[in-house]
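Secondary and tertiary structure notes
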Amino acid sequence: MKKKALFAGLASSVLLLGACGSEEAEPAASATEDGKTEVVFWHAMSGDLETALNNQVDAFNESQEDYEVKPVFQGTYEEALTKFNAVAGSTDAPAIMQTFEVGTKYMIDTNKITPVQEFIDKEDFDTGVWEENILSYYQVDGKQYSMPFNSSTPVLIYNKDAFEQAGLDPEKAPRTYDELKQAAKALTSDDQTGFTMLNYGWFFEQLVAAQGGLYVDNDNGRSGAPTKAVFDGEEGQNAFNLIKEMYDDKTFMNVGQNWDDMRAAFQSGKVAMYLDSSAGIRTVADSADFEVGASYLPVPNEAEREGVIIGGASLWMGDGIADETKQGAWEFMKYAASKEAQAKWHVETGYFAINPDAYDEPIVKEMWAEYPQLKVTVDQLSETTASPATQGALISTFPQSRQSVVNAMESLYQGVSVEEALKRAADETTSTLGQ
């Protein structure tokens, strides 16, 4: 797997990065032609998302006269991280680096980043204006390492027209596993399957966390280095049993690992309910020729809902660069997290606003009137209980672990038992910890 090879190579480089440091003179900041301090921003946003990102950068550059942020597309998150690994800690490192959430532990372990907590403390900056459930993912031992940027969570998407045709209330989406199974059975016909979800580790992690379950021990690796995977316990078995029972009952469609295939199945009416990223809701609603509904992630009947884990990516500050360049990176991060900038970001991308006050801005109110599904995702996040489960696991070998979970999910369709499939994935994950 591409991600497995990537993180194996990156992990082997961390010690080299840490061993190469030496006392050097303060590096000089680069300046633009008009005398502004240049702040290089490496990112992985493409298409419409890159346009929205460039809009943020342009607005910041025009808002002040000291700094000029220069966004540079570096390919996928994996490709960008490989490039960062080659320059981390040097004067060639970007001032701002966008990294996906599962790269968090790796970025910390490089010791070649500047935690944003340093600037928060220096300015006595009030982070209380930002969404706690988003910030907490990127916090370790009370220290804020990076600034959340594009954040999303899973959500249940459903076809309201299909609900009506099946005699179901289109305003009451299933909230529990039993309700999900009952609705899927009513929605399944010769040309339509009730429910699906991508064979993707992120969704499994969310189903486990929603019940309050942990992925690895030691509070998901947040109170100490994790020593073993624990997702094969009751919560993981609940999630896998749900998939297997519905697949065996022919109310679950195996759509594989391709996001476009899953969304195409929904838009064509081949499946009536599925799990998606909250950032994709607006596109799905625009593309469907029926009314689209959104609801919370279902949980087992007996479980107390804890909520969801943040996905997406955050902004990291480089090290080995001039202090003035770091200051420029911090100024941009503050600007991008302001309520005005976040309101525009939420409207243009569907990602959450880091600053909840953004939801009171007129442009957001107007968007929610047109896309009420967006508000559902915000409500689900705001009702999330902050805990080690919903903070997410902190491990440096997440891509390998996710692939093990995908293999386990796919083995269910071949008749492998839930216990065997989960144990294999957990054992494989445990074997990678400490690498």
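Residues numbered from 1 in each chain as written. Predicted model: local features only at pLDDT ≥ 70, side-chain atom pairs only at ≥ 80, totals over all residues. Heavy atoms only, no water.

Examining the confidence of the model for the chain
For the chain, the mean per-residue pLDDT works out to 91, and 93% of the residues sit at or above 70. A low-confidence stretch, residues 1-5 (pLDDT under 50), is modelled with 7 contacts involving residues beyond four sequence positions or located in other chains. Of the regions scoring below 50 in pLDDT, residues 12-23 engages in 11 contacts with residues more than four places distant in sequence or in other chains. (pLDDT = per-residue confidence, 0-100. Contact = heavy atoms within 4.5 Å.)

Structural notes on the packing of aromatic side chains
Taken as a whole and judged by the stated rule, the model has 27 aromatic pairs. Both rings, one in F41 and one in F332, keep their centres 5.7 Å apart while their planes meet at 55°; by these two values the pair is tilted. Placement of the pair is F41 in strand 1 (residues 37-43) and F332 in helix 14 (residues 323-336), with a sequence separation of 291 residues. You can call F41 buried: its relative accessible area is 0%. Members of the aromatic cluster, each reached through a chain of ring pairs, are F41, F60, F149, F332, Y335, W345 and Y351. Seen from the ring of Y296, R175 lies directly overhead, with NZ or CZ sitting 4.0 Å from the centre. It is R222 that lies over the ring of Y137; its NZ or CZ is 5.5 Å from the centre. (Phe/Tyr/Trp six-rings, centres within 6.5 Å; stacked < 30°, edge-to-face > 60°. Helix = DSSP H or I, 4+ residues; strand = E, 2+ residues; numbered from the N terminus. Buried < 20%, exposed > 50% of the residue type's maximum accessible area, 1.4 Å probe, protein only. Lys NZ or Arg CZ within 6 Å of the ring centre and 35° of its normal.)

Focus on the sheet that holds strand 11 (residues 292-295)
What the 4 strands build is an open sheet, ordered 9-10-8-11; its pairing is mixed. Of all the strands in the sheet, the pair left with one neighbour each is strand 9 (193-196) and strand 11. Strand after strand, the sheet turns through a mean of 25° between neighbouring axes, direction not considered. Strand direction decides the pairing type here: strand 8 (residues 154-159) and strand 11, joined by 4 bridges, are antiparallel. Along strand 11, the bridge assignment pairs N159 with V292. (Pairing = 2+ DSSP bridges. Axes fitted to C-alpha atoms, helices over the stretch in contact; angles between N-to-C directions.)

Brief notes about helix 17 (residues 372-382)
Taken residue by residue, helix 17 has Q373, L374, T377, V378, Q380 and L381 as its buried positions. All buried residues of helix 17 lie within an arc of 160° about the axis, which places them on one face of the element. Packed against the buried residues of helix 17 are helix 6 (132-135), strand 8, helix 13 (281-287), strand 11, helix 15 (339-349) and helix 16 (362-370). (Arc of directions from axis to C-beta.)

Focus on the environment of A52
Note that A52 resides in helix 2 (residues 47-63). Note on A52: relative accessible area 3%, which makes it buried. For the pair A52 and W345, spaced 293 residues apart in sequence, the C-alpha separation works out to 6.9 Å. Among all residues touching A52, those that are not within four sequence positions of it are W345, E348 and T349.

Details of the side chain of S314
Tracing the sequence through the fold places S314 in strand 12 (residues 311-318). By relative accessible area, which is 0% here, S314 ends up buried. Of the polar contacts made by the side chain of S314, one reaches the side chain of W316; its length is 3.1 Å. In this view, S314 contacts M97, Q98, T99, Y138, S146, M147, P148 and F149; residues no more than four positions away in its chain are not counted. (Polar contact = N/O pair within 3.5 Å; in protein donor to acceptor, adjacent residues only side chain to side chain.)

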